[in-house]
Amino acid sequence: MASDNGRGGRSLMPPLLAVNFVVYLIILGLASWSVDKYINGEQNNPHLGGNPSTSFMLMFALMGGVIGACSVLAGLLHHLARRNDSSAAAASLAIISWAFNALAFGMVCKEIILGGPRGKRLQTLEAFITISVVSQSLYVVLLHAAMGMFNRR
């Protein structure tokens, strides 16, 4: 019976890891492009726009994207190895990644509240940050379910 703990979570891990990896690559691409435009002084680019919170959101998006991609790689290695030490590493990195993405999501909320012109690429980045927070939350829950954390008495 103990070996059946968390079987449902393990079967959902590979597709969720693939989705998360694609989302983080898109976030990294959009945030990198936007930071490049900001560094070049092109804040009035029609695809960018923004307000005072945009630069903070872009920095947290870059950090969240990099840590999230590393979290996906650790999760993939754990899925292949299924050892206790790889489980601890994957869970730790997943929680750290979720925290950075939650910070980026908070900056997205602040950016929307402040208003102002926001270009299509910036709005797309905001949408993908929101998707990453939800999918990373699901990943953390599934990872802990696969570890058997929710099945203990």
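As a convention, each chain's residues are numbered from 1 in the sequence order in which they are written. Per-residue local features are limited, in this predicted model, to residues with pLDDT of at least 70; the limit for side-chain atom pairs, both in listing and counting, is 80 or more; totals at the level of whole chains, interfaces and linings are taken over all residues. Hydrogens and water are ignored here; the side-chain numbers use all heavy atoms of the structure.

Participant: Explain the packing of helix H2 (residues 54-81) against helix H3 (residues 84-114) here, please?
Facilitator: When two helices pack together, you describe them by how their axes are tilted relative to each other and by the distance separating the axes. Direction vectors running N to C along H2 and H3 enclose 155°, while the axes themselves pass 8 Å from each other. Our classification of the angle between H2 and H3 gives roughly antiparallel. Crossing geometry of H2 relative to H3 is assigned as left-handed. Partitioned by chemical class, the residues of the contact of H2 with H3 number 18 nonpolar, 10 polar and one charged. Working convention: axes come from line fits to C-alpha atoms, limited for helices to the stretch in contact. Angles between N-to-C directions cover 0 to 180 degrees. Going along the chain from the N terminus, every DSSP run of H or I of four or more residues is numbered as a helix, and every run of E of two or more is numbered as a strand. When an angle is under 35 degrees it counts as roughly parallel; over 145 it counts as roughly antiparallel; between 65 and 115 it counts as roughly perpendicular; any other value is oblique. Definitions for this section: a left-handed crossing has its near helix turned counterclockwise from the far helix by less than a right angle. A right-handed crossing has that turn clockwise. Polarity classes work like this: nonpolar for Ala, Val, Leu, Ile, Met, Phe, Trp, Tyr, Cys and Pro, charged for Asp, Glu, Lys and Arg, and polar for all others, with Gly in that last group.

Participant: Whenever I open this one, unusual backbone geometry confuses me. Can you help?
Facilitator: Note: most peptide bonds trans; most residues except glycine with negative phi. Non-glycine residue Arg-82 carries a positive phi angle of around 55°. Among the secondary structure elements, Arg-82 is positioned in the loop between H2 and H3.

Participant: Before we go on, may I ask you to explain the pattern of salt bridges in this structure?
Facilitator: In a structure, side chains of opposite charge can pair up when their charged atoms sit close to one another. Any Lys or Arg side-chain nitrogen located within 4 Å of an Asp or Glu carboxyl oxygen qualifies as a salt bridge. With the rule as written, the count across this model stands at one salt bridge. With a closest N to O distance of 2.9 Å, Arg-118 and Glu-126 form a salt bridge.

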